[in-house]
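The lines below spell out each chain.
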Amino acid sequence: TLLTVPFLMRFGEFCSRLQHQAREVKKLSGQEIKALILESGLKCWQVADKLGMNDGNFSRKLRKPFDEKAVAAVKEAIAKLKATKEN
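Residues numbered from 1 in each chain as written. Predicted model: local features only at pLDDT ≥ 70, side-chain atom pairs only at ≥ 80, totals over all residues. Heavy atoms only, no water.

Asks: I'd like to hear about the overall build of the protein chain, residue by residue, with values.
Replies: In terms of regular secondary structure, the protein chain is built from 5 helices and 0 strands. Of the regular secondary structure in the protein chain, the N- to C-terminal order runs α-α-α-α-α. Counting every position in the protein chain, which comprises 87 residues, the buried fraction comes to 21%. Contacts in the protein chain between residues far apart in sequence, at least 24 positions, make up 64% of those at least 6 positions apart. Surface accessibility of the protein chain: about 6,800 Å² in total, with carbon and sulfur atoms responsible for 57%. (Helix = DSSP H or I, 4+ residues; strand = E, 2+ residues; numbered from the N terminus. Buried < 20%, exposed > 50% of the residue type's maximum accessible area, 1.4 Å probe, protein only. Contact = heavy atoms within 4.5 Å. Areas by Shrake-Rupley, 256 points an atom, 1.4 Å probe, with all protein chains shown as cover.)

See the structure below:
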């Protein structure tokens, strides 16, 4: 039983590192967000407007990584804009 304690401690550390890496994967850089917008055939100002933001503020926000909540909001805005664009 003495051998299992260090193993479990290392395993716990390993799991916490994996969880941290998983959280990091969900973040996207501003460049990646901008690429998503442009690939969908939209302009950044359209997405900013849909999010209720000034396009200048959205442009400044593109300088830093987006967390998973912000990424989800942008993807939802893109989906809604594309749906209205197709109709």
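From this point, the discussion proceeds with the structure in view.
Asks: Could you give an account of the pattern of salt bridges, naming the residues involved and the relevant values?
Replies: Inspection of the entire model under this criterion finds 1 salt bridge. One salt bridge connects glutamate 76 with lysine 80, and the closest N-O pair in it is separated by 3.1 Å. Note that glutamate 76 and lysine 80 are positioned in helix H5 (residues 68-86) at a spacing of 4 residues, about one turn of the helix. Accessibility expressed as a relative area gives 45% for glutamate 76, which makes it partly exposed. (Salt bridge = Lys/Arg side-chain N within 4 Å of Asp/Glu carboxyl O.)

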